Amino acid sequence: MRDETIRLGQFLKLANLVESGSDAKPVLADGQVTVNGEVETRRGRQLVPGDVVTLGPAAARVATGDAEIDVPW
């Protein structure tokens, strides 16, 4: 994430929680997405660093490009 905020629909695709932007609309409408533990249905919801988005068993945290990546390889 390069800006201060990102829209939920964009983040779902960026985090690979959905395959395309058009796939975000139905899962949001069905109440399958939560942001910080609360159901969210607005594709345009503005997310900020630290927000946690969950869809089914998968979850992703919004982070800036400044975050250090600590991988074991």
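Cut-off values and rules
Residues numbered from 1 in each chain as written. Predicted model: local features only at pLDDT ≥ 70, side-chain atom pairs only at ≥ 80, totals over all residues. Heavy atoms only, no water. Salt bridge = Lys/Arg side-chain N within 4 Å of Asp/Glu carboxyl O. Buried < 20%, exposed > 50% of the residue type's maximum accessible area, 1.4 Å probe, protein only. Pairing = 2+ DSSP bridges. Helix = DSSP H or I, 4+ residues; strand = E, 2+ residues; numbered from the N terminus. Contact = heavy atoms within 4.5 Å.

Participant: I keep staring at the pattern of salt bridges and nothing clicks. Help me out?
Facilitator: Pairing is possible between side chains that carry opposite charge, provided their charged atoms lie close to one another. For the structure on display, the rule yields 2 salt bridges. Linking R42 and E40 is a salt bridge whose minimum nitrogen-to-oxygen distance equals 2.8 Å. A relative accessible area of 49% places R42 in the partly exposed class. Under the relative-accessibility criterion, E40 is labelled buried at 6%. With a shortest N-O distance of 2.8 Å, E40 and R45 are connected by a salt bridge. When its relative accessible area of 22% is taken as the criterion, R45 is described as partly exposed. One salt-bridge network, in which partners are shared between bridges, spans E40, R42 and R45.

Participant: Could you clarify how one ought to interpret the pairing of strand β6 (residues 58-61) in this entry?
Facilitator: Each regular strand shows side chains that alternate between the opposite faces of the sheet. Across 4 bridges, strand β5 (residues 52-55) lies against β6 in antiparallel orientation. Bridge pairing links L55 to A58 in β6. Turn length for the β5-β6 hairpin, with the two strands adjacent in sequence and antiparallel, is 2 residues, and the turn residue G56 shows positive phi of about 60°.

Participant: Explain the sheet that holds strand β2 (residues 33-35) here, please?
Facilitator: Where strands meet in a sheet, backbone hydrogen bonds hold them as pairs that are either parallel or antiparallel. On the basis of which strands lie adjacent, the open sheet formed by 4 strands has the order β3-β2-β5-β6 and antiparallel pairing. In the strand order of this sheet, the two ends are held by β3 (38-39) and β6, each with one partner.

Participant: Explain unusual backbone geometry to me, please; I cannot follow it from the model alone.
Facilitator: Where the residue is not glycine, phi is negative for most of them; where a peptide bond is considered, it is trans in most cases. Notably, N16 is not glycine yet its phi reads approximately 60°, a positive angle. The topology assignment puts N16 in the loop between α1 (8-14) and α2 (21-29).

Participant: Looking at this structure, how should I read the environment of N36?
Facilitator: Along the chain, N36 falls in the loop between β2 and β3. According to the relative accessible area criterion, N36 is partly exposed, its value standing at 41%. It is 5.1 Å that separates the C-alpha atoms of N36 and V52, two residues lying 16 residues apart in sequence. Those residues in contact with N36, other than ones at most four positions away along the chain, are R45, G50, D51 and V52.

Scope: geometric values only; no functional claims are made or implied.
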